[in-house]
Amino acid sequence: MSGADLQALRTTLALAAITTLILLLLGTPLAWWLARTRVRAALLLEAVVALPLVLPPTVLGFYMLVALGPKGPIGGLLQSLGLPHLAFTFAGLVIASTLYSLPFMVQPLRDAFAGVGRQMTESAATLRAGPWDRFFNIVVPLSRRGFLTAITLCFAHTVGEFGVVLMVGGNIPGETRVLSIAIYDHAEALDYASAHLLSGSLLVASFLLLLG
């Protein structure tokens with residue numbers, strides 16, 4: 001494996017780890033609210049969360065590129081504040097990956113929280129257990145399989161991203177070049193030996209991650 005491929009591996013693992021951590025912090029309260037709320041507007045929010053599952057990655061990547069670019073609402077606002085825009089940067093990749101992998105974190109957690117039921121938490125409330133106590137001492141332990149599934153799927157899905165990261169981050173070595181793009185580069189250059197090495201490594205790693 002060349003030095004450029006090792007750098008792509010480091011970028012990929014960093015992107016997957018940061019994205020998973022952000023989604024764990026943001027997706028947990030969102031999934032809890034979706035599992036407990038009875039507001040009909042939650043159906044609309046659930047559809048928005050699940051949208052990346054059916055939306056072509058290039059479509060999401062294109063609109064993220066427009067939004068984060070120098071003429072977009074986010075990139076333009078940053079430039080007006082004297083800050084650089086986020087298109088073709090690692091930070092832009094993190095934002096795009098967070099949105100693209102959102103359903104892989106929220107949906108397993110929502111299902112796990114819904115499976116806990118209200119009886120246990122309501123019984124704990126009668127014993128004067130506060131909301132935080134009920135959540136961390138009852139809900140989280142009973143939902144540990146959901147957390148494990150969500151973290152695993154989110155990490156693996158981010159590692160395998162291609163369309164979104166290519167549209168938003170481009171192919172900048174040491175900055176936004178990830179393993180999926182490196183495989184594409186090797187295949188395009190007819191360097192099938194390197195493409196086989198990277199693809200086979202990802203295949204085995206993804207299988208072991210899901211198996212674990």
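The structure contained in this document is the topic of the report that follows.

Analysis parameters
Residues numbered from 1 in each chain as written. Predicted model: local features only at pLDDT ≥ 70, side-chain atom pairs only at ≥ 80, totals over all residues. Heavy atoms only, no water. Helix = DSSP H or I, 4+ residues; strand = E, 2+ residues; numbered from the N terminus. Buried < 20%, exposed > 50% of the residue type's maximum accessible area, 1.4 Å probe, protein only. Contact = heavy atoms within 4.5 Å. Areas by Shrake-Rupley, 256 points an atom, 1.4 Å probe, with all protein chains shown as cover. Lys, Arg positive; Asp, Glu negative; His and termini not counted. Charge placed at Lys NZ, Arg CZ, Asp CG, Glu CD. Salt bridge = Lys/Arg side-chain N within 4 Å of Asp/Glu carboxyl O. Core = buried A, V, L, I, M, F, W, Y, C linked by side-chain atoms within 4.5 Å.

### Quick word on the overall build of the chain
So, point 1. Along the chain, the regular secondary structure elements total twelve helices and zero strands.
So, point 2. Each principal axis of the C-alpha distribution contributes one length, and for the chain these read about 65 × 45 × 30 Å.
So, point 3. Within the span of the chain, comprising 212 residues, buried residues form 39% of the whole.
So, point 4. Taking all contacts inside the chain whose residues are at least 6 apart in sequence as the whole, residues at least 24 apart take part in 69%.
So, point 5. As displayed, the chain offers around 11800 Å² of accessible surface, 70% of which is attributable to carbon and sulfur atoms.
So, point 6. Side-chain charges of the chain comprise 12 positive and 10 negative groups, with the mean position of each set lying 17 Å from the other.

### Remarks on the environment of L45
So, point 1. With respect to the secondary-structure elements, L45 resides in helix α2 (residues 41-54).
So, point 2. Residues L45 and L34, eleven residues apart in the sequence, show an inter-C-alpha distance of 8.5 Å.
So, point 3. If near-sequence neighbours (up to four positions away) are discounted, L45 is found in contact with L30, W33 and L34.

### A look at the side chain of E161
So, point 1. Its location among the elements puts E161 in the loop between α9 (144-159) and α10 (163-169).
So, point 2. Buried within the structure, E161 lacks any salt-bridge partner; its nearest side chain of opposite charge belongs to R177, at an N-O separation of 15 Å.

### Some words on the nonpolar core
So, point 1. Counting residues in hydrophobic clusters, the biggest one holds 16 residues, and the most contacted among them are M105, V106, L109 and F113.
So, point 2. Taken together, the elements giving at least two residues each to this core come down to α1 (3-36), α2, α6 (102-116), α8 (131-142) and α9.
So, point 3. In terms of residues, this core owes the most to one element, α6, which gives six residues.
So, point 4. Membership of the second largest hydrophobic core comes to nine residues, among which are L78, A96, Y100 and V164.

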